[in-house]
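Commentary on secondary and tertiary structure
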There are 2 protein chains.
Amino acid sequence: MKQQILVDMDGVLANTYAQYIALEYKRSGKMLAMEDLRGKSEERAFPSYEEDVNSINFFGTAPLIEDSIEGLQYLNDKYKVIIVSSATEFPNSLNEKRGWLAKHFPFISWKQMIFCGSKEYIQGDIMIDDHPKNLRIFSGRKILFTQPHNVNIRNDNFERVTSWKEIMNIL
Amino acid sequence: MKQQILVDMDGVLANTYAQYIALEYKRSGKMLAMEDLRGKSEERAFPSYEEDVNSINFFGTAPLIEDSIEGLQYLNDKYKVIIVSSATEFPNSLNEKRGWLAKHFPFISWKQMIFCGSKEYIQGDIMIDDHPKNLRIFSGRKILFTQPHNVNIRNDNFERVTSWKEIMNIL
């Protein structure tokens, strides 16, 4: 029986940081540097966070995290993969997120997708997520995917990975 | 601690049967009678099922099941309510479903919504659903909401309800 693995979307498959930075550059001409974003929540790090996440095509055109296609294919062969994305907060994001997944990860079926508000009701053996709040309410093995907002997180019982290559090494 | 109750959308909150019947009448002039639909899956009962469920505004304009607003408000005061809807199969349904819930049930927050492919990964103490397949893979208390497609289901350990009034009586 394959283990069930819950894979987050934003910050794990979708490079939402690159998307915020590109939009901010387009808007203000200011190129935000990664070191300015470290340790700050996305809401604090990006001046137009609210506007961006609610804009049309924000999620639908997000670039991919490096090696995420190869990595997710690897996991999908070995585990029961479920993509679990916090999405219901943003009314227009749902169709875009589903379309984005289907476009980049055609080997993931609609049966493997969950779009939710809170992740506390979703069962699994392993969770990969960049948000500590999601890992903290999860009862299985917790893998924290490094993003600038979580670099200072140290006290929890998370395994930290910084890339999909690392995920493929440990799973 | 409140018990967690998973409430289905189509066939429990949304009157999708009324929607199929109205579309079929508009299309062919034929008014399908409830007795012709009994014991048949929706796919078999409605000649244009595939076209209908994939059409724009099918879910967004679905009428309400009788007493569902009052009933869900009752449950929401007494339980931890999560709306769990199979939606990812239909690429355009997600935003519509979220909008429909927000419009008719403003007391349900986005944190209480889950749109998925399969319901087997969702935890809860009680599930209300019109589809036996969803109840069979659920480990808690199983409540079957009567719809024409499920009238012949008898062998399972489900509690059957035929209305929201009945739900309010037993929960």
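Residues numbered from 1 in each chain as written. Chains lettered and ligands numbered in written order. Predicted model: local features only at pLDDT ≥ 70, side-chain atom pairs only at ≥ 80, totals over all residues. Heavy atoms only, no water.

Quick word on the pairing of strand 5 (residues 141–145) of chain A
All names here are of chain A.
- Burial of strand 5 is extensive: four of the five residues sit out of reach of the surface.
- Direction of pairing for strand 5 relative to strand 6 (residues 159–161): parallel, over a ladder of three bridges. Looking across to strand 6, one finds that Phe145 is bridged to Val161. (Buried < 20%, exposed > 50% of the residue type's maximum accessible area, 1.4 Å probe, protein only. Helix = DSSP H or I, 4+ residues; strand = E, 2+ residues; numbered from the N terminus. Pairing = 2+ DSSP bridges.)

So, the interface of chain B and chain A
- In this assembly, 23 residues from chain B lie in contact with 24 residues from chain A.
- Both sides of the chain B and chain A interface together cover about 2,300 Å² of buried area, and 55% of this is carbon and sulfur.
- Area buried by chain B at its contact with chain A is led by Asn95, Trp110 and Tyr121 of chain B, which between them contribute 30% of it.
- Taken together, the links from chain B to chain A amount to two salt bridges.
- Among the ionic pairs, Lys80 of chain A bridges to Glu120 of chain B, the shortest N-O distance being 3.3 Å.
- On inspection of chain B and its partner chain A, the count reaches 14 residue pairs in polar contact (both at pLDDT 80 or more).
- Put simply, the parts of the chain that give the side of chain B that touches chain A at least two residues each are strand 2 (80–86), helix 6 (93–104) and strand 3 (113–116) of chain B.
- Of the residues that constitute the side of chain B that touches chain A, the class distribution is 10 nonpolar, eight polar and five charged. (Contact = heavy atoms within 4.5 Å. Buried area = accessible area lost by both parts, 1.4 Å probe. Salt bridge = Lys/Arg side-chain N within 4 Å of Asp/Glu carboxyl O. Polar contact = N/O pair within 3.5 Å; in protein donor to acceptor, adjacent residues only side chain to side chain. Nonpolar A, V, L, I, M, F, W, Y, C, P; charged D, E, K, R; others polar.)

Looking at the relation of the copies chain B and chain A
- After a rotation of 180 degrees and a shift along the axis of 0.0 Å, chain B superposes on chain A with an RMSD of 0.0 Å. Seen this way, the second copy is the image of the first under a two-fold rotation axis.
- An overlap of 100% is found between the interface residues of chain B and their copies at the interface of chain A, pointing to a shared contact surface. (Least-squares fit on C-alpha atoms with pLDDT ≥ 70 in both.)

Some details on the nonpolar core
- Within the largest apolar cluster, 58 residues are counted, with the highest numbers of intra-cluster contacts made by Val7 of chain A together with Val7 of chain B.
- Leave out the neighbours within four places in its chain, and Val7 of chain B touches Val12, Leu13, Leu72, Leu75, Val81, Ile82, Ile83, Val84, Ile128 and Trp164 of chain B.
- Counting residues in each nonpolar core, the second largest holds 24 residues, with Ile82, Cys116 and Leu144 of chain A together with Tyr121 of chain B among its members. (Core = buried A, V, L, I, M, F, W, Y, C linked by side-chain atoms within 4.5 Å.)

Looking at helix 1 (residues 16–28) of chain B
All names here are of chain B.
- Helix length check: helix 1 (13 residues) gives 18 Å between terminal C-alpha atoms against 18 Å at 1.5 Å per residue, within 8%.
- Of the residues making up helix 1, those classed as buried are Thr16, Tyr17, Gln19, Tyr20, Ile21 and Glu24.
- Where helix 1 is buried, its residues touch helix 2 (34–37), helix 3 (42–45) and helix 4 (49–53).
- Two residues or fewer after helix 1 comes Gly29, characterised by a positive phi angle close to 80 degrees. (Expected span 1.5 Å × (residues − 1).)

Side note on helix 5 (residues 68–78) of chain A
All names here are of chain A.
- Every buried residue of helix 5 is listed here: Ser68, Gly71, Leu72, Leu75 and Asn76. Buried residues in helix 5, looked at end-on, bunch into an arc of 135 degrees, giving them a common side.
- Tucked into the core, helix 5 has its buried residues touching strand 1 (4–7), strand 2 (80–86), strand 4 (126–129) and helix 8 (164–170). (Arc of directions from axis to C-beta.)

Structural notes on the sheet that holds strand 1 of chain A
- Spatially, 6(A)-5(A)-4(A)-1(A)-2(A)-3(A)-3(B)-2(B)-1(B)-4(B)-5(B)-6(B) is the arrangement adopted by the 12 strands of the open sheet, whose pairing is mixed. The outermost strands of the open sheet, each flanked by one partner alone, are strand 6 of chain A together with strand 6 (159–161) of chain B. Sheet twist, expressed as the mean angle between neighbouring strand axes with direction ignored, is 20 degrees.
- Note: strand 1 (residues 4–7) of chain B against strand 4 (residues 126–129) of chain B, three bridges, orientation parallel. Across the sheet, Val7 of chain B pairs through a bridge with Ile128 of chain B, a residue of strand 4 of chain B.
- On top of the sheet, helix 6 (residues 93–104) of chain A reaches strand 2 and strand 3 (113–116) of chain A together with strand 3 of chain B; it is set at about 155 degrees to strand 3 of chain A, its chief contact.
- Lying on the sheet, helix 5 (residues 68–78) of chain B is in contact with strand 1, strand 2 and strand 4 of chain B; it crosses strand 2 of chain B at an angle near 130 degrees. (Axes fitted to C-alpha atoms, helices over the stretch in contact; angles between N-to-C directions.)

Digging into the side chain of Gln4 of chain B
- Locating Gln4 of chain B in the fold gives a position in strand 1.
- Among the polar contacts made by the side chain of Gln4 of chain B, one reaches the main-chain carbonyl oxygen of Gln123 of chain B at a distance of 2.9 Å.

So, the state of the cysteines
- Applying the stated criterion to the full structure yields zero disulfides over all chains.
- With no disulfide partner, Cys116 of chain A has as its closest neighbouring cysteine sulfur the one in Cys116 of chain B, 10 Å distant.
- The buried category is assigned to Cys116 of chain A, whose relative accessible area is 0%. (Disulfide = S-S within 2.5 Å.)

Remarks on the confidence of the model for chain A
- With 100% of its residues at a pLDDT of 70 or more, chain A has an overall mean of 96.
- For this predicted complex, the interface confidence score (ipTM) comes to 0.95, while the overall pTM stands at 0.96. (pLDDT = per-residue confidence, 0-100.)

Some remarks on the packing of helix 6 of chain A against helix 6 of chain B
- For the pair helix 6 of chain A and helix 6 of chain B, the least separation of the axes is 7 Å and the interaxial angle reads 155 degrees. Judged by the angle between their axes, helix 6 of chain A and helix 6 of chain B are roughly antiparallel. As helix 6 of chain A runs across helix 6 of chain B, the sense of the crossing is right-handed. Counted together, Ser93, Leu94, Asn95 and Arg98 of chain A of helix 6 of chain A and Ser93, Leu94, Asn95 and Arg98 of chain B of helix 6 of chain B form the full contact between these two elements.
- Residues that form the contact of helix 6 of chain A with helix 6 of chain B fall into these classes: two nonpolar, four polar and two charged. (Parallel < 35°, antiparallel > 145°, perpendicular 65-115°, else oblique. Left-handed = near helix turned anticlockwise from the far one by under 90°.)

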